[in-house]
Amino acid sequence: MPDPLRLLVITGSPGDAPLVGEALRKAGLPAETVPHRLVAEGIDALRRESFDLILIDPGREPGAVTRVSEEASDTPVVILASREDLDAAVGALWHGADDYLVRETISPELLVCTVRHVLALKRAEVALGRVEHLWREIGRSLHEGVLVLDPGGTTIFASARMAEILGYAVSRIQGASFLSFVDPGDVPRAKTLIEQGEWRRAEAELRLRRSDGAAIDALLAASPVTGGSPGYLGVAVGVMDVTGQKIAEEKARRRNAQFYVINQVVRTATSSAGMDELLAGVLEKTLELLDFEGGSVYLIDPGRSRAELVAEIGLPKGFSFRRRIVDLNAPPYDAVLGQGMAHFVEDYLHAYPQDAGAGIQAFASIPIIAGERVVGAVNLVSRNVHVFSPDERDLLASIGREVGSAVERMRLHEQANFYLDLMTHDINNANTVAIGYATLLAETLSGPEKDLAGKLAAAVRQSAEIIGNVSTIRRIAEEALVPGPVNLDHIARSVICFFPDVDIRYLPEDRWVSADDLLSAVFVNLIGNAVKFGGPGVTVWIRAREEGGTALVSVEDTGPGIPDAEKTRVFEKFRKSGRKSGKGLGLHIVRTLVERYGGRVWVEDRVPGHPERGAAVRFTLPACPPVTGRSG
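What counts as what
Residues numbered from 1 in each chain as written. Predicted model: local features only at pLDDT ≥ 70, side-chain atom pairs only at ≥ 80, totals over all residues. Heavy atoms only, no water. Helix = DSSP H or I, 4+ residues; strand = E, 2+ residues; numbered from the N terminus. Rg over C-alpha atoms; globule rule 2.2 N^0.38 Å. Contact = heavy atoms within 4.5 Å. Areas by Shrake-Rupley, 256 points an atom, 1.4 Å probe, with all protein chains shown as cover. Lys, Arg positive; Asp, Glu negative; His and termini not counted. Charge placed at Lys NZ, Arg CZ, Asp CG, Glu CD. Buried < 20%, exposed > 50% of the residue type's maximum accessible area, 1.4 Å probe, protein only. Pairing = 2+ DSSP bridges. Axes fitted to C-alpha atoms, helices over the stretch in contact; angles between N-to-C directions. pLDDT = per-residue confidence, 0-100. Phe/Tyr/Trp six-rings, centres within 6.5 Å; stacked < 30°, edge-to-face > 60°. Lys NZ or Arg CZ within 6 Å of the ring centre and 35° of its normal. 1 Å grid on protein atoms, 1.4 Å probe; cavity = no way out; pocket = protein on both sides within 12 Å on 5 of 7 lines; lining within 4 Å. Points joined across faces, edges and corners; volume = space filled by probe spheres on them. Nonpolar A, V, L, I, M, F, W, Y, C, P; charged D, E, K, R; others polar. Salt bridge = Lys/Arg side-chain N within 4 Å of Asp/Glu carboxyl O.

Quick look at the overall build of the chain
- Scanning the chain for helices and strands turns up 17 helices and 23 strands.
- Taken against the 2.2 N^0.38 rule, which gives 26 Å for 632 residues, the C-alpha radius of gyration of the chain at 37 Å runs more than 25% over that of a compact globule.
- For the chain, the spread of C-alpha atoms along the principal axes amounts to about 120 × 85 × 50 Å.
- Within the chain, contacts between residues at least 6 apart in sequence are counted, and of these 56% link residues at least 24 apart.
- Accessible surface, the chain as shown: approximately 33700 Å² in total, 55% of it carbon and sulfur.
- Of the side chains in the chain, 70 bear a positive and 84 a negative charge, and the two mean positions are spaced by 3 Å.

Some thoughts on the pairing of strand β16 (residues 373-382)
- Here β16 lies mainly inside the structure; nine of its 10 residues are buried.
- Relative to β16, strand β11 (residues 294-300) is paired through six bridges, and the arrangement is antiparallel. Directly across from G294, in β16, lies its bridge partner V381.
- The sheet contact formed by strand β15 (residues 362-370) and β16 spans nine bridges and is antiparallel. Paired with P367 across the strands is A377, a residue of β16.
- Hairpin geometry of β15 and β16 is characterised by an intervening segment of two residues between the two adjacent antiparallel strands and by a positive phi of about 70 degrees at G371.

Examining the sheet that holds strand β7 (residues 155-158)
- The strand order across the open sheet built from five strands is β7-β6-β10-β9-β8, with neighbouring strands paired in antiparallel fashion. Both outer strands of the open sheet, β7 and β8 (202-209), are each paired with one neighbouring strand and no more. Adjacent strand axes in the sheet meet at a mean angle of 30 degrees when their direction is disregarded.
- One ladder, built from eight bridges, connects strand β9 (residues 215-225) with strand β10 (residues 234-241); its direction is antiparallel. Across the sheet, A218 pairs through a bridge with D241, a residue of β10.
- The strands touched by helix α8 (residues 187-197) within the sheet are β6 (145-149), β8, β9 and β10, with β8 carrying the most contacts at an inclination of about 140 degrees.

With respect to unusual backbone geometry
- Cis peptide bonds are those with omega within 30 degrees of zero, and the linkage from P331 to P332 qualifies with 0 degrees.
- Here P332 is to be found in the loop between β13 (325-327) and α11 (333-339).
- One non-glycine residue, D291, lies in the positive phi region at around 60 degrees.
- The residue D291 is located in the loop between α10 (275-290) and β11 in this model.
- Residue classification places D291 among the exposed residues on the basis of a relative accessible area of 58%.
- Notably, R304 is not glycine yet its phi reads approximately 55 degrees, a positive angle.
- Mapped onto the secondary structure, R304 falls in the loop between β11 and β12 (306-313).
- You can call R304 partly exposed: its relative accessible area is 37%.

Some thoughts on the confidence of the model for the chain
- With 91% of its residues at a pLDDT of 70 or more, the chain shows a mean pLDDT of 85.
- At the level of individual helices and strands, the chain shows its lowest average pLDDT in helix α14 (residues 447-478), which scores 71, and its highest in strand β14 (residues 343-345), which scores 95.

Here we look at the packing of aromatic side chains
- Under the counting rule described, the total for this entry stands at 13 aromatic pairs.
- Taking the centre distance of 6.1 Å and the plane angle of 70 degrees together, the rings of F321 and Y333 count as edge-to-face. Taken together, the positions of F321 in the loop between β12 and β13 and Y333 in helix α11 put the pair 12 residues apart, joining distant regions of the chain.
- Taking relative accessible area as the criterion, F321 reaches 5% and is therefore assigned buried.
- When its relative accessible area of 5% is taken as the criterion, Y333 is described as buried.
- Each ring, one from F321 and one from F363, has its centre 4.2 Å from the other, and the planes form 20 degrees; the classification is stacked. One end of the pair, F321, is in the loop between β12 and β13; the other, F363, is in strand β15, with 42 residues separating them in the sequence. The residues F321 and F363 share a single accessibility class, namely buried.
- Clustering of aromatic rings is evident, with ring pairs tying together Y298, F319, F321, Y333, Y348, Y352 and F363.
- Positioned above the aromatic ring of Y168 is the side chain of R172, whose terminal nitrogen or guanidinium carbon lies 4.8 Å from the ring centre.

What to know about empty space enclosed by the protein
- Within the structure shown, the criterion is met by two cavities of 30 Å³ or more.
- Roughly 70 Å³ of volume is contained in the largest cavity.
- Around the largest cavity, the lining residues are L488, A492, Y506, L507, E509, R511, F523, I542, A544 and V553.
- Residue classes in the lining of the largest cavity are distributed as eight nonpolar, no polar and two charged.

Regarding the pattern of salt bridges
- Counted by the stated rule, this structure contains 34 salt bridges.
- The partner of R207 in a salt bridge is D217, and the shortest N-O contact between them spans 3.0 Å. Linking R207 in strand β8 with D217 in strand β9, this pair joins segments that are 10 residues apart in sequence.
- Where D503 meets R505, a salt bridge forms, and the shortest distance between an N and an O atom there is 3.1 Å.
- When salt bridges that share partners are traced, they join R543, E556, E604 and R618 into one network.

Written out as structure tokens, the structure is:
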């Protein structure tokens, strides 16, 4: 039987270690768990003992994961986090963690799979590290050139690899001054390297010159040569050609810079609320990141007969490319907008002498492409001499494609919102008329027919409720919260008016909270829920009081109540209770809004211990000082 795994569990919860140990045992993987509550205690344990795996909940200790992984670099680290801390757990993967587990979703199978994965991953990582180090040493030995210099700096030995690096014959190098092969700008640093190499090992990066005049980036290591006799015989210099590495590093740097620019542009586009904000924000961000002084954005109209200026920054008056409307058949737009080909001008005054007074030196027009269609163009100008490198041209083309995707998404979003607004408006109008007729019909009928008319009115009201909830969810998703002082009494009174036939008992109190106009949807859904499940004879109480800077609001009813097993689940989206119809959105909206305002919401029994005597939904909101002269 294999030895049990030793797991170090560092969490603030005493139940985590038994939970993990039991789950592993159920999965047939024997394990010994060693729990510690504090990170410092866990680090002390790592210094005394060895472990196969570390489970840690970093909690509120910044740098905890980094400290633990540095202390035991060969031991895999797995984050154990709650669902609400998932973003922090993912972020810890960049600071030394190998994987993460969500406490609420741990199963024996998932735990075993994760443990085996990170153990195998860490073993492979350690093995690869050792192999990488070995090959690095072998590569240095095989590809390093060697020079030996006498005390005066003259080369008395050059290896064949050194001759290959410099492009000279060995005989040409030997007898020549070492400094004659160094780029003139690096001669002072080369002298310092040799002086230090006379008595200790020293390293430096220098530029050498080949026989054909080409520059070489090289890493040089100088060490004293004594030959076992007093004094020194000279300096041995190992030379590694790192030109290829430097080129690769520069390419990676440029590529990372491009990714950064594209990421910033995309982030600006995706955070925009509308098309105008999107285009103006993208133009401003592009100018800022790429050091252009001005620019503009054109979009092609739906009929594709012309393009219109929709955003502009920093362009001089009378500038040729500042016109409000452009002809798609006129150059350069025939190529840019018609064929999707970017247009670059590096000598603007020569190409467009009519703009001699504008002070423009360089110009670029980049097609905005959505899928396979050109939908517009981004124009950029520079008042300084500017050469568009191949990398910059590729970057600008990528920006044009990303902006095109964002424009297409925004158009689809706006079109969907238009149809949804139109549908909501028309359905609400139809519902209002239908409710009016159903109410009149109920008043003129009696017996079963009257009940049917009442059910008809109730069904239409439910349709109106669904439309209202959908509209509320849209506003929550699309509008940023701008909290302000709201009068609870005004909100409660205005909502009570929507339920004239319901026995609602409310004692007015002048309390103010930090919220917005969507707060009324909380009361509408809570009272509507009480009426839906409690029936026409239900009684509803609304109470509010202040506790330490927080307003505590209760909406209680005499309905059938909520069983204990359902109390924590009623706020889930699309969660339905009992036999009543509905989409399960009302209480989800309540929780979303309350948490959006910085509060919390929960369900209790109206009479403690007696769920059948009605429910009490309680929620908190941040309290505000009263606002003089305002009612809400």
